[in-house]
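What the coordinates show
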Amino acid sequence: QVQLVESGGGLVQAGGSLRLSCAASGRTFSRYAMGWFRQAPGKEREIVAAITWSGGPTHYADSVKGRFTISRDNAKNTVYLQMNSLKPEDTAIYYCAAGPSTAPVRIGVSSYDYWGQGTQVTVSS
């Protein structure tokens, strides 16, 4: 069992930055691939970024490449999402998720077994 708690969301102006954190409970955090997903109103949940148990390789959605960075600290049972150059279209609820670590890392919603409660990110224009 893995329990996930996200933090770091909020309201930011376009062009600004936010850093999301996801703290995991359980001693087996380091065995899991971790993903960040987002869901905007009226839209399906989509992958933002994912990272293997070791910290690499990673996957990014085309819409966030070059702006977002996913990282993890297995000693702290935490995964991060650094978001720079934020755009209004990045507005969504952001969720972290844990799933079996594979190579390449999986990016489908159904590939992840454990989910956090989500944190709201709102980017104003």
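See the structure printed just above.
Residues numbered from 1 in each chain as written. Predicted model: local features only at pLDDT ≥ 70, side-chain atom pairs only at ≥ 80, totals over all residues. Heavy atoms only, no water.

1. Section: the side chain of glutamate 6
Among the structural elements, glutamate 6 can be located in strand β1 (residues 4-7). No salt bridge forms around the buried glutamate 6; measuring N to O, its nearest opposite-charge neighbour arginine 45 is 7.6 Å away. Within the local environment of glutamate 6, its side chain forms a polar contact with the backbone nitrogen of glutamine 117, the two atoms lying 3.0 Å apart. One polar contact links the side chain of glutamate 6 to the main-chain amide nitrogen of glycine 118, over a distance of 2.9 Å. In contact with glutamate 6, not counting residues within four places along its chain, are Ser21, Cys22, Trp36, Tyr94, Tyr95, Cys96, Gly116, Gln117, Gly118 and Thr119. (Helix = DSSP H or I, 4+ residues; strand = E, 2+ residues; numbered from the N terminus. Buried < 20%, exposed > 50% of the residue type's maximum accessible area, 1.4 Å probe, protein only. Lys, Arg positive; Asp, Glu negative; His and termini not counted. Salt bridge = Lys/Arg side-chain N within 4 Å of Asp/Glu carboxyl O. Polar contact = N/O pair within 3.5 Å; in protein donor to acceptor, adjacent residues only side chain to side chain. Contact = heavy atoms within 4.5 Å.)

2. Observations regarding unusual backbone geometry
One non-glycine residue with positive phi stands out, namely asparagine 77, at about 50°. Position of asparagine 77 relative to the elements: it lies in the loop between β7 (68-73) and β8 (78-83). The phi torsion at serine 85 lies on the positive side, around 50°, for a residue other than glycine. A relative accessible area of 41% means that serine 85 is categorised as partly exposed.

3. Structural notes on the pattern of salt bridges
Per the counting criterion, the structure on display carries four salt bridges. When the shortest N-O distance is used, the salt bridge between aspartate 62 and lysine 65 registers 3.1 Å. By relative accessible area, which is 65% here, aspartate 62 ends up exposed. Under the relative-accessibility criterion, lysine 65 is labelled exposed at 52%. Residues arginine 67 and aspartate 90 are paired through a salt bridge, measuring 2.8 Å at the closest nitrogen-oxygen approach. In this pair, arginine 67 is assigned in the loop between β6 (58-60) and β7 and aspartate 90 in the loop between β8 and β9 (92-100), connecting sequence segments 23 residues apart. Among the residues examined, arginine 67 registers a relative accessible area of 10% and is labelled buried. Of the residues examined, aspartate 90 reaches a relative accessible area of 1% and is grouped as buried. Each of the salt bridges in this network shares a partner with another, and the network as a whole consists of Arg38, Glu46, Arg67 and Asp90.

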